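If you want the building blocks of each chain, they are given just below.
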Amino acid sequence: IESERCTEGYRVRVLDDGAGFSAADGAEDEPSGLRNIRELLALHDSGTLSIESEPGRGTAATVAYRKEA
């Protein structure tokens, strides 16, 4: 787990060195938990969730959100 404060706001990143997956695996059927997180971040107009994964290399999930004004 990594976290940092940046100019735009904050970033939290969770890295997993497990099996990973390809973008084609379930791209149409995003799990409801991930969809809920994306929707909550969008509702508050404050952040994003991005997930990067590669088979055999692992997965990284990043939540980035802006500082409050």
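It should be emphasised that the depicted structure is a prediction, and the values quoted were computed from it without experimental measurement.

A. Examining the sheet that holds strand 4 (residues 58–66) more closely. Taken together, the 4 strands give an open sheet; going across it, the order is 1-2-4-3, and neighbouring strands pair in antiparallel fashion. Looking at the sheet topology across the chains shown, the edges are occupied by strand 1 (2–5) and strand 3 (47–54). Averaged over all adjacent pairs, the angle separating strand axes in this sheet is 15°, with direction ignored. In this sheet, strand 2 (residues 9–16) lies alongside strand 1 in antiparallel orientation, the contact comprising 4 bridges. Among the inter-strand pairings, E2 is bridged to a residue of strand 2, identified as R13. Here helix 1 (residues 32–43) sits on the sheet and contacts strand 3 and strand 4; the angle it forms with strand 3, its principal contact strand, is near 145°.

B. Representation of a nonpolar patch on the surface. A surface patch of nonpolar side chains, amounting to about 380 Å² of accessible area, comprises I1, V12, V14 and Y65. In this fold, V12 is placed in strand 2.

C. Region of the structure containing the pattern of salt bridges. Following the criterion strictly, the structure yields 2 salt bridges and no others. E4 is paired through a salt bridge with R11; the nearest N and O atoms lie 3.4 Å apart. A relative accessible area of 43% means that E4 is categorised as partly exposed. Residue class for R11 comes out partly exposed when judged on its relative accessible area of 31%. Between E52 and R13 there is a salt bridge, and its shortest N-O distance comes to 3.9 Å. One end of the pair, E52, is in strand 3; the other, R13, is in strand 2, with 39 residues separating them in the sequence. The class for R13 is partly exposed, based on a relative accessible area of 28%.

Rules and cut-offs
- Residues numbered from 1 in each chain as written.
- Predicted model: local features only at pLDDT ≥ 70, side-chain atom pairs only at ≥ 80, totals over all residues.
- Heavy atoms only, no water.
- Pairing = 2+ DSSP bridges.
- Helix = DSSP H or I, 4+ residues; strand = E, 2+ residues; numbered from the N terminus.
- Axes fitted to C-alpha atoms, helices over the stretch in contact; angles between N-to-C directions.
- Contact = heavy atoms within 4.5 Å.
- Patch = residues over 30% accessible without salt bridge, like charges linked within 9 Å, V, L, I, M, F, W, Y side chains within 5 Å.
- Areas by Shrake-Rupley, 256 points an atom, 1.4 Å probe, with all protein chains shown as cover.
- Salt bridge = Lys/Arg side-chain N within 4 Å of Asp/Glu carboxyl O.
- Buried < 20%, exposed > 50% of the residue type's maximum accessible area, 1.4 Å probe, protein only.

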